[in-house]
Each structure stands twice: as structure tokens, then as C-alpha cells.
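These are the residues of each chain, in order.
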Amino acid sequence: MERIYLDHAATTPVHPDVLKTMIPYFTDNFGNPSTIYSYGQEAKAAVEDARASVAALINAEPEEIVFTSGGTESDNFALEGVAYANEKRGNHIITSAVEHHAVLETCKFLEKRGFYVTRLPVDSSGLIDPDAVKKAITPKTILVSVMHANNEVGTIEPIAEIGKITREAGVLFHTDAVQTTGHIPTDVHELEVDLLSMSAHKLYGPKGVGALYIRKGKGRLVPFMHGGEQEKRRRAGTENVPGIVGFGKAAEIAREEMPKEVKRLTALRDRLISCILERIGNTRLNGHPVRRLPNNTNITIDFVEGESMCLSLDMEGICASTGSACSSGSLEASHVLLAMGLRHEQAHGSLRFTLGKWNTEDEIEQVITALSSTVARLRSMSPLLKNKS
Ligand code: PLP
């Protein structure tokens, strides 16, 4: 059976050119970048080339990029690094109710250590109000962390507006841009952010590598990892050279292909959304209708369970998701959809399709047909629908 993969927000396949670029760094060029002989120096040069590519993707300087093990570590490092470096100045952090668990759980961890966290609500489309950020800032506020775009519903947050507010207030601003870097234009100067998290496996690079952008001149973060002097003593540990090289290549490809991909994916996404809403009754789009990621479709389908739809579609070779990958396996309703005001049963009946580089129009047609028949079959057995009639 041919499979149709529509879960690119969970992870993307490694681009063949990325893999090709990585392979020599497992074999011939295996040196440790911290060594002084040529093997090491060649590996070091490859890491520095990758740093320049990743920096270029977000319009940053190479020295502002610290390589990490992925988006989760970047988020943890940003929040904890700022918190511990500034605890004499203040103990207040502002974030939103719809952040990824990598931010929300780090906030909980910091609360147990004396920090105070404000979690701002969102409107029914998942948007944060910049004015609410302004009102929440106090003399004790040391950091605002708001994601660039939401991984579940694809809503793109007003980061540049929030950036202006935090800059005027003299408060550091972090954004989790794991779902946006390489997908939509992400420029640290236009967004006025001081810290920005990225992850390679969301942009056709390998898993287990990411980066944190740290704006020059904004003070030092307390390091998260302790050991050697790698990454200018900001992140200890021998560099994941093949991973970093792959991340660099993925960033280079993303920069080249972004304008064309944004157009192509937006058209595919809009077709998927309009066909589902037209052909399947009692369905609603979640997230902002316009300010949304080009590849994200998140729909609530009444009277059916997201898990049942996901498993039925899987039997037809279609991979979708009922929320973020991190929460699959648990039956907790998505915190994002609940924060947007959906009821528990509506949140449970939601399905996310995130499109990618190799999805075609033909695949989208197949998904619409399969989803229509799956929903009809599940609804014919649904106790939710029987209770309604
Ligand atoms: N932040 C967001 C918005 C994400 O979507 C994810 C992964 O799904 C992460 C952080 C975590 O990234 P990683 O899987 O690289 O740890």
C-alpha cells in the first residue's frame, strides 16, 4: 500500500541532498572539531559553514547561533538560561497558554524554584493579544516567551508587535520558531526577538539537532550543559557534526525553496480545507483562517473521536494526527484547543493534517475521499450522534 504522509508538523523525512551531505561526516570526515589536527579542523570548518547557513535562514550572525539537541533543549536553555542569569533582577516570566510542552513544562519547573509565571490566554482562533503582553509586564518581568506559530492549529502569532513592546519595556523576548523556520520568512530583526528556538527535523533535516539564536549584546545565559568549551562555552559536549552539517544543508535548501513552497502548500492546504468543510457536514476549521501556517489544516469533526479517525485513516495508509505528536498515546484533550474555547468532546474530535514537500494534488484528493467515507462509517456507529438524535 502506498502511504500518504500528512504529519509534517510531527517530523519531516530527511531530504536526500541533506543525507548525502551528512554521510561523509560519519565516515571519512569523522574528526572531533575540538582537536587541532586536520581531521578535527575539517569537521570544525563544516560546523562553521552550517552555522552560517542556519544564521542566514533567520537573518542572524553566525556567532549568535548555538547548536543544541533540538527544539526541546533550545526552549529549556532559553527559559532556564535567562531565568538563572537574571534572578537578581526579577522572577517573573510571561508566556501563553498554547505553547509547546517544552516551554510549558520548563515554566512549571521554574515555578517550583521561585519564579512566577503568567500564562496569557488566546482568542478563539489561537491568537495572543499583544496588549495583554504589555499589561502583564511588571518591573519584575525578565522574559516573555511566545511561540511564532502554533504546532497544532498553525496560528501565526503577532511576534513583531510583541517584540516592539518587549523592546520598549527592556524585557528579553524568546520565540519558539520550531514550526516556522524554513517554512515561512523568519527574520530575527523584523520580529525583534532576542532568542529563537529551531529544530532540524521539522525542516527536512535530521532528528536530534537544533539551535538557539541568542542576540549579541543581550547578556549571557547561564549554560544548560556543563563540561567542555564547545559553542563558545554556551553548550558543552562534542558537537553532533553529521547532524549539524545536515541542519546546515536543510537550512540552505529551505531558503532557496521557501517562496515556491509557501505558494504550493497554501493552495493544497486551502483545497483540503474547503473540500472537507464542503463535503463533510458538522465540521469546523480550528485556528486562524488567514494567519496560519501554509501546511496546516486542523478540523473538528463532530460526533467522531479523533483517535478512531486517525487509526482508520492509518489502515488506508494515511498518516494524520489528533494533536501534537508529544501528546499522542494519552487521551488528554489538547491544551491548545481547550485554550481556544473548544469543549472536551470537540477537542477530542479534531484532526490535524500537516502537508509537506512531496505531497501532491492527487494525494489530497485521495485523503478527502478516504476521510469522507471514514467519517460516514464512524458516525453510523457513533454513540455521540445517537445521543444527539
Ligand atoms: N516546539 C514546538 C512548537 C514543536 O512543535 C516541537 C516539536 O514538535 C518542539 C518545540 C520540540 O522540538 P524537538 O522535537 O526538536 O525537541
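See the structure printed just above.
Here goes a summary of the coordinates provided. Since we're looking at a predicted model, the values are computed, not measured.

As for the sheet that holds strand S5 (residues 141–145)
Turning to step 1, where the next piece is worked out: Strand order in the open sheet formed by seven strands is S2-S8-S7-S6-S5-S3-S4, and the pairing between neighbours is mixed. Unpaired on one side and paired on the other, strand S2 (65–68) and strand S4 (116–120) mark the two borders of the sheet. With strand direction ignored, the average angle separating the axes of adjacent strands in the sheet is 20 degrees.
Turning to step 2, where the next piece is worked out: As defined by bridge partners, S5 adjoins strand S6 (residues 172–176) across three bridges and the pair is classed as parallel. Looking at the pairing, Ser145 lines up with His174 of S6.
Turning to step 3, where the next piece is worked out: The sheet strands contacting helix H6 (residues 159–169) are S5 and S6, and the helix crosses S6 at an angle near 160 degrees.

Overview of the pairing of strand S7 (residues 195–199)
Turning to step 1, where the next piece is worked out: Burial of S7 is extensive: five of the five residues sit out of reach of the surface.
Turning to step 2, where the next piece is worked out: Both faces of S7 are covered, namely the face carrying Leu195, Ser197 and Ser199 and the face carrying Leu196 and Met198.
Turning to step 3, where the next piece is worked out: Relative to S7, S6 runs parallel, the two being bridged by three bridges. Its bridge partner lying in S7, Thr175 is registered against Leu196.
Turning to step 4, where the next piece is worked out: Two elements, S7 and strand S8 (residues 210–214), share five bridges in a ladder whose sense is antiparallel. Its bridge partner lying in S8, Ser197 is registered against Leu212.

Description of the packing of helix H2 (residues 38–57) against helix H9 (residues 241–279)
Turning to step 1, where the next piece is worked out: Where H2 meets H9, the closest approach of the two axes is 8 Å, and the angle between their N-to-C directions is 35 degrees. With respect to the hand of their crossing, H2 and H9 are arranged in left-handed fashion. Listed contacts from H9 to Ala43, Ala46, Val47, Ala50, Ser53, Val54, Ala56 and Leu57 of H2 are Val241, Ile244, Val245, Phe247, Gly248, Ala251, Glu252, Ala254, Arg255 and Met258.
Turning to step 2, where the next piece is worked out: Grouping the amino acids of the contact of H2 with H9 by side-chain chemistry returns 14 nonpolar, two polar and two charged.

Here's the deal with the nonpolar core
Turning to step 1, where the next piece is worked out: Within the largest apolar cluster, 57 residues are counted, with the highest numbers of intra-cluster contacts made by Ile65, Phe67, Met198, Tyr213 and Phe247.
Turning to step 2, where the next piece is worked out: In this structure Met198 touches Val54, Ile58, Ile65, Gly70, Gly71, Ser74, Val178, Thr181, Gly210, Ala211, Tyr213 and Phe247, once residues within four positions along its chain are discounted.

Observations regarding the site of the ligand
Turning to step 1, where the next piece is worked out: Surveying the vicinity of the ligand reveals 13 residues, the closest of which are Thr72, Asp176, Gln179, Ser199 and Lys202.
Turning to step 2, where the next piece is worked out: In this structure, Asp176 approaches the ligand through a side-chain N or O atom, which is 2.6 Å from a nitrogen atom.
Turning to step 3, where the next piece is worked out: Compared with its free state, where it exposes 400 Å², the ligand has 88% of that area covered by protein.
Turning to step 4, where the next piece is worked out: In terms of residue class, the shell around the ligand is built from two nonpolar, eight polar and three charged.

Re the pairing of S2
Turning to step 1, where the next piece is worked out: By the alternation rule, side chains of S2 split into Ile65 and Phe67 and Val66 and Thr68, which are all buried.
Turning to step 2, where the next piece is worked out: Bridging between S2 and S8 involves four bridges; their strand directions are antiparallel. Bridge pairing in S8 links Val66 to Leu212.

Points about the packing of aromatic side chains
Turning to step 1, where the next piece is worked out: Counted according to the given criterion, the structure contains four aromatic pairs.
Turning to step 2, where the next piece is worked out: Of note, Arg113 hangs over the ring of Phe109, and the distance from its end group to the ring centre comes to 3.6 Å.
Turning to step 3, where the next piece is worked out: Here the basic side chain of Lys357 rests over the ring of Tyr204, its NZ or CZ set 4.9 Å away from the ring centre.

Here is what the cut-offs are and how they apply
- Residues numbered from 1 in each chain as written.
- Predicted model: local features only at pLDDT ≥ 70, side-chain atom pairs only at ≥ 80, totals over all residues.
- Heavy atoms only, no water.
- Pairing = 2+ DSSP bridges.
- Helix = DSSP H or I, 4+ residues; strand = E, 2+ residues; numbered from the N terminus.
- Axes fitted to C-alpha atoms, helices over the stretch in contact; angles between N-to-C directions.
- Contact = heavy atoms within 4.5 Å.
- Buried < 20%, exposed > 50% of the residue type's maximum accessible area, 1.4 Å probe, protein only.
- Left-handed = near helix turned anticlockwise from the far one by under 90°.
- Nonpolar A, V, L, I, M, F, W, Y, C, P; charged D, E, K, R; others polar.
- Core = buried A, V, L, I, M, F, W, Y, C linked by side-chain atoms within 4.5 Å.
- Near = heavy atom within 4 Å.
- Polar contact = N/O pair within 3.5 Å; in protein donor to acceptor, adjacent residues only side chain to side chain.
- Areas by Shrake-Rupley, 256 points an atom, 1.4 Å probe, with all protein chains shown as cover.
- Phe/Tyr/Trp six-rings, centres within 6.5 Å; stacked < 30°, edge-to-face > 60°.
- Lys NZ or Arg CZ within 6 Å of the ring centre and 35° of its normal.

Distances and angles like these do not, on their own, reveal function.
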